[in-house]
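A closer look at the structure
Chain by chain, the residues run as shown.
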Amino acid sequence: MFHAGHKTFLKQVLNRAEKVVLGITSDLYVKSFKDGNKIEPFEFRKSAVEKFLDSIGAKDKVQIMSIDDIYGPLLTNVFNFQAVAVTSQTESMAVDINQKRKKKNLPKLEVVLLPLKTAEGGEIISATRIRNGEINRDGRLYLNPKWQNKKLILPENLRSVLQRPWGKILNEVPEEIIGAKTVAIGDITVQRFNKKNVGQFLSIVDFLVQRQIRFHTLTELGLTDKHVQKAKNPHGTLTPELFQAVKKAFKTTGEKIILVEGEEDLAVLPVLLIAPLEFLIFYGQPNEGLVKIEVTEENKEKTYQLVEGFDKSEEA
């Protein structure tokens, strides 16, 4: 996933070199150490890099190559290399490369160690953190720290946005979904999922249906009282308690339950902000059916901008 960290690294390299050979991992190489289904194809990744290089006027200065291992063309004299650029994460690879070059009677490469770009919050920007749903490609946290000590109140001008379905409307619970990557929100939705034995990762309930008390126990919903977190969250608000409960749920494995004291009417928003990419969220749309939302970068960004528009009040 081409991100701000890659862009900064490339700019630093270009400032130090007249000519750059850039290795991009081949699809075959990626599948050898990562889940290939989650990785963007080589041509897509190459195109993203080319567009960036073109935007800064450096396309002619860089030759892009597909590499099937960490060495690429570095163990040959084809390009008359003088240096290899690395970060602290890949510095040991440069040492290995120079050892192998020595055995081949090739000159030692200067190792140019470049700093890693950090994201909001101080940790590094990485594709792993992006896939985990923590940050966007520019390094901005999806869960704004400023929201976690305030009660966020849905303003009138945004109510219509949330009244519309945010995803595809279904009549039935899908047959083929991965429970470990599924979140069910709402009592009727959770009950339906449990009757189908989905085994969803997270269930969020409040014992209400259309703001009327409908249930009194978790057992009625097909849930147990194990792994239950309680969070206070009044109607039309997002509280720090709800954010923390969702955040805690995604830090541990196994099925979890959040019992909201108040209403879970807006719980889909913190889940979208915190959940990893490729998760599925389901909630009920009154008089229409079951709404399915995919956790994507686009939906996370949409949610962030929406929550930024909430009114903020100091949390007692």
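Residues numbered from 1 in each chain as written. Predicted model: local features only at pLDDT ≥ 70, side-chain atom pairs only at ≥ 80, totals over all residues. Heavy atoms only, no water.

1. So, the confidence of the model for the chain
Across the chain, the average pLDDT comes to 93, with 98% of residues at or above 70. Within the chain, the element-level pLDDT minimum falls on strand β16 (residues 311-314), averaging 84, and the maximum on helix α9 (residues 268-274), averaging 98. (pLDDT = per-residue confidence, 0-100. Helix = DSSP H or I, 4+ residues; strand = E, 2+ residues; numbered from the N terminus.)

2. Focus on the sheet that holds strand β11 (residues 228-233)
If you walk across this open sheet you meet the seven strands as β6-β15-β14-β7-β8-β13-β11, and the pairing is mixed. Looking at the sheet topology across the chains shown, the edges are occupied by β6 (168-170) and β11. Along the sheet, successive strands turn relative to each other by an average axial angle of 25 degrees, direction set aside. (Pairing = 2+ DSSP bridges. Axes fitted to C-alpha atoms, helices over the stretch in contact; angles between N-to-C directions.)

3. Comments concerning the packing of aromatic side chains
Between two aromatic rings, the relevant description is the distance of the centres plus the angle of the planes. Inspection of every chain in the model, using the stated rule, returns eight aromatic pairs. Between Trp147 and Tyr304 the ring centres are 5.1 Å apart and the planes differ by 45 degrees, which places this aromatic pair in the tilted class. Residue Trp147 is found in the loop between α5 (127-131) and β5 (150-153), and its partner Tyr304 is found in helix α10 (residues 297-308); the two are separated by 157 residues along the sequence. In this pair, the class of Trp147 matches that of Tyr304, namely buried. Through pairs of rings, three or more aromatic residues link up here, namely Trp147, Phe243 and Tyr304. Across the ring face of Trp166, the terminal group of Lys302 is positioned such that the distance to the ring centre comes to 4.1 Å. (Phe/Tyr/Trp six-rings, centres within 6.5 Å; stacked < 30°, edge-to-face > 60°. Buried < 20%, exposed > 50% of the residue type's maximum accessible area, 1.4 Å probe, protein only. Lys NZ or Arg CZ within 6 Å of the ring centre and 35° of its normal.)

4. Points about the pairing of strand β15 (residues 289-294)
Examined bridge by bridge, β6 and β15 share three bridges and lie antiparallel to one another. Note that in β15 the partner of Lys168 across the bridge is Lys292. The pairing of strand β14 (residues 280-285) with β15 spans six bridges and is antiparallel. Bridge pairing in β15 places Ile281 opposite Ile293. Linking two consecutive strands that pair antiparallel, namely β14 and β15, is a turn of three residues; a positive phi of about 65 degrees is found at Asn287 within it.

5. As for the nonpolar core
Membership of the largest hydrophobic core comes to 51 residues, with the highest contact counts inside it found for Phe250, Leu269 and Phe310. Sort the elements by how many residues they give to this core and α9 lands first, with six residues. Beyond its immediate chain neighbours, meaning those up to four positions away, Leu269 contacts Leu162, Trp166, Leu238, Thr303, Leu306, Val307 and Phe310. Ranked by size, the runner-up nonpolar core spans 18 residues in total, among them Val190, Val198, Leu280 and Phe282. (Core = buried A, V, L, I, M, F, W, Y, C linked by side-chain atoms within 4.5 Å. Contact = heavy atoms within 4.5 Å.)

6. Remarks on the layout of surface pockets
Here the second largest pocket is characterised by a volume of approximately 980 Å³. Lining the second largest pocket are 30 residues; nearest its centre among them are Asp265, Tyr283, Gly284, Gln285 and Pro286. Where the lining of the second largest pocket is concerned, the elements lending two or more residues are α6 (156-163), α7 (187-195), β9 (208-209), β14 and β15. Looking at which element gives the most residues to the lining of the second largest pocket, the answer is α7, with four residues. Its residues assigned to classes, the lining of the second largest pocket comprises 12 nonpolar, nine polar and nine charged. (1 Å grid on protein atoms, 1.4 Å probe; cavity = no way out; pocket = protein on both sides within 12 Å on 5 of 7 lines; lining within 4 Å. Points joined across faces, edges and corners; volume = space filled by probe spheres on them. Nonpolar A, V, L, I, M, F, W, Y, C, P; charged D, E, K, R; others polar.)

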